[in-house]
Amino acid sequence: MRTLKLTIAYDGTAFAGWQMQAHQRTVQGVLEDALQPIEGTRVVVHAAGRTDAGVHAAGQVVSFSLTSAIACDALVRALNVRLDQDVRVMNAEDAPEGFNARFDARRKTYHYAIYNAPVVPPPWRHFVWHVPQPLDVAAMNEAAAALAGEHDFAAFQAAGSDVATTRREILASRVVSRDAQVVYEVTGTGFLRHMVRNIAGTLVDIGRSRRPVEDMARVLQTRDRTHASATAPAHGLTLMRVEY
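Rules and cut-offs
Residues numbered from 1 in each chain as written. Predicted model: local features only at pLDDT ≥ 70, side-chain atom pairs only at ≥ 80, totals over all residues. Heavy atoms only, no water. Helix = DSSP H or I, 4+ residues; strand = E, 2+ residues; numbered from the N terminus. Rg over C-alpha atoms; globule rule 2.2 N^0.38 Å. Buried < 20%, exposed > 50% of the residue type's maximum accessible area, 1.4 Å probe, protein only. Areas by Shrake-Rupley, 256 points an atom, 1.4 Å probe, with all protein chains shown as cover. Lys, Arg positive; Asp, Glu negative; His and termini not counted. Charge placed at Lys NZ, Arg CZ, Asp CG, Glu CD. Core = buried A, V, L, I, M, F, W, Y, C linked by side-chain atoms within 4.5 Å. Contact = heavy atoms within 4.5 Å. Phe/Tyr/Trp six-rings, centres within 6.5 Å; stacked < 30°, edge-to-face > 60°. Pairing = 2+ DSSP bridges. Arc of directions from axis to C-beta. Axes fitted to C-alpha atoms, helices over the stretch in contact; angles between N-to-C directions. Parallel < 35°, antiparallel > 145°, perpendicular 65-115°, else oblique. Left-handed = near helix turned anticlockwise from the far one by under 90°.

S.K.: Explain the overall build of the protein chain here, please?
M.R.: For the protein chain, the helix and strand inventory stands at five helices and 10 strands. For 244 residues, the compact-globule estimate of 2.2 N^0.38 gives 18 Å, and the protein chain sits close to it at 19 Å. Considering only C-alpha atoms, the protein chain reaches an extent of 60 × 40 × 30 Å along its principal axes. Per-residue burial over the protein chain gives 54% buried out of 244 residues. Only carbon and sulfur atoms are counted for the fraction: they give 49% of the accessible area of the protein chain, which is about 11,400 Å². Distance between charge centroids for the protein chain: 2 Å, based on 26 positive and 25 negative side chains.

S.K.: Explain the nonpolar core to me, please; I cannot follow it from the model alone.
M.R.: Across soluble globular proteins, you tend to see nonpolar side chains buried next to one another. In terms of nonpolar packing, the biggest core is built from 74 residues, with Leu-6, Phe-64, Phe-156 and Tyr-184 touching the most fellow members. Take this core: its biggest share by element is seven residues, from helix α4 (residues 195–207). Excluding anything up to four places from it in sequence, Phe-156 contacts Leu-147, Arg-193, His-194, Met-195, Asn-198, Ile-199, Thr-202, Met-216, Val-219, Leu-220 and Ala-228. One finds Ala-117, Val-120, Val-176 and Val-183 within the second-largest nonpolar core, a separate group that totals eight residues.

S.K.: For this particular structure, what's the right way to read the packing of aromatic side chains?
M.R.: How two aromatic rings sit relative to each other is set out by the distance from centre to centre and by the angle between their planes. Counted according to the given criterion, the structure contains five aromatic pairs. A ring pair is formed by Tyr-10 and Phe-15, whose centres lie 6.5 Å apart and whose planes are at 65°; its orientation type is edge-to-face. For the pair shown, Tyr-10 and Phe-15 are each scored as buried. Each ring, one from Tyr-112 and one from Trp-129, has its centre 6.2 Å from the other, and the planes form 85°; the classification is edge-to-face. Taken together, the residues span a long stretch of sequence, with Tyr-112 in strand β5 (residues 107–115) and Trp-129 in strand β6 (residues 129–130) at a distance of 17 residues.

S.K.: What is the right way to look at the pairing of strand β10 (residues 237–243) in this model?
M.R.: Consecutive residues of a regular strand have side chains that alternate between opposite faces of the sheet. Sheet topology note: the strand β3 (residues 56–66)/β10 ladder contains two bridges and is parallel. Considered in β10, the bridge of Ala-57 is made with Leu-239. For β5 and β10, the ladder comprises six bridges, and the chain directions are antiparallel. Bridge pairing in β10 links His-111 to Thr-238.

S.K.: When you look at helix α5 (residues 215–222) in this model, what are you seeing that I'm missing?
M.R.: Think of an α-helix as turning once every 3.6 residues; residues three or four places apart then point the same way. Residues Asp-215, Met-216, Val-219 and Leu-220 constitute the buried set of α5. On an axial view of α5, the arc spanned by its buried residues comes to 140°, and they lie on one face. Tucked into the core, α5 has its buried residues touching α3 (137–145), β7 (149–152) and α4. Taken from the residues just after α5, Arg-223 is the one with a positive phi, measuring 60°.

S.K.: So what exactly am I meant to see when it comes to the packing of α3 against α4 here?
M.R.: Think of two packed helices as two axes; the pair is described by the angle between the axes and how far apart they sit. Close contact between α3 and α4 brings their axes to 8 Å; oriented N to C, the two are set at 140°. Comparing the axis directions of α3 and α4 gives the class oblique. Every pair of crossing elements has a handedness; the one defined by α3 and α4 is right-handed. Along its contact with α3, which presents Ala-139, Met-140, Ala-143 and Ala-144, the element α4 presents Leu-203, Val-204, Ile-206 and Gly-207.

S.K.: Got a minute to help me understand the pairing of β5 in this structure?
M.R.: In terms of burial, β5 is largely enclosed, as eight of its nine residues are buried. The pairing of β5 with strand β9 (residues 181–188) spans eight bridges and is antiparallel. Looking at the pairing, Ile-114 lines up with Val-182 of β9. Strand direction decides the pairing type here: β5 and β6, joined by two bridges, are parallel. Paired with Tyr-115 across the strands is His-130, a residue of β6.

Here it is as C-alpha cells:
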C-alpha cells in the first residue's frame, strides 16, 4: 500500500461541504468516486480540514492509501478528467507511511473575503461577503491583532460544538484592504467549527462602528458564544493552505 498526499482546490458553492453525506454532493464524495475506477475499489480519503457547505479551498490537503502503481503526475491527470470543473487536483505526491492529512497538519491559513463597495461584480459574488457600508479597516485590524497567541476561543465556536478543548493557538491574525476587498487573514495550529466566520462577523461589526475595538478582547474573555456577533456567510471563507 502507498500513502498519497493530494493538494486540491474547489469552489464550494455547489457542495454540501467536505464530509460525505447521504444524498448530498460533497467534495469527499466526488473525490472518492473519481478514485474508485483507478484503484478498482472504494478509497477513503481524509482531509486536513472539514470545510462546511459553501466554503472554498485553494490549498486543501487530503491523504489516502492506494495499491495502484500509477505515477503521481498520471494520477493528477486521471482524477482531473473524472472530476467536475469545480474541483481540481493541483498536485499529488507519495507520502511517508502513516501520514494523515488531518492529524499531521501543523498550521492552516484561512482568508475571509469581504467586498466593501455598493455593487459586487458577478464573477466574485460566490466568493465574498458583500458589505456595502463603509468599514474602518484600521479598527478591524487592531481588533484582529488581539486574537494572536493561545486563547480559549469558546466564544467563537459554533453553538452545540462538542470538542475536548476550546483552546487554540493563532499564529497570525490581520485585516488587509485590497481596493474594494477587505480580507481577514488568519493562520493557526487549529480552528473550532465556524470559528473564523464568527470572528469575521465580529470584525465587520467593529468595522461598521457597531462595536468598539476593545470588544474583540472582551468577547474572547467571556467564553460565551452569545457575546460575539452573527456568523459571517460561508461563501466568503477559503482554506488557503495547510503546512506540515
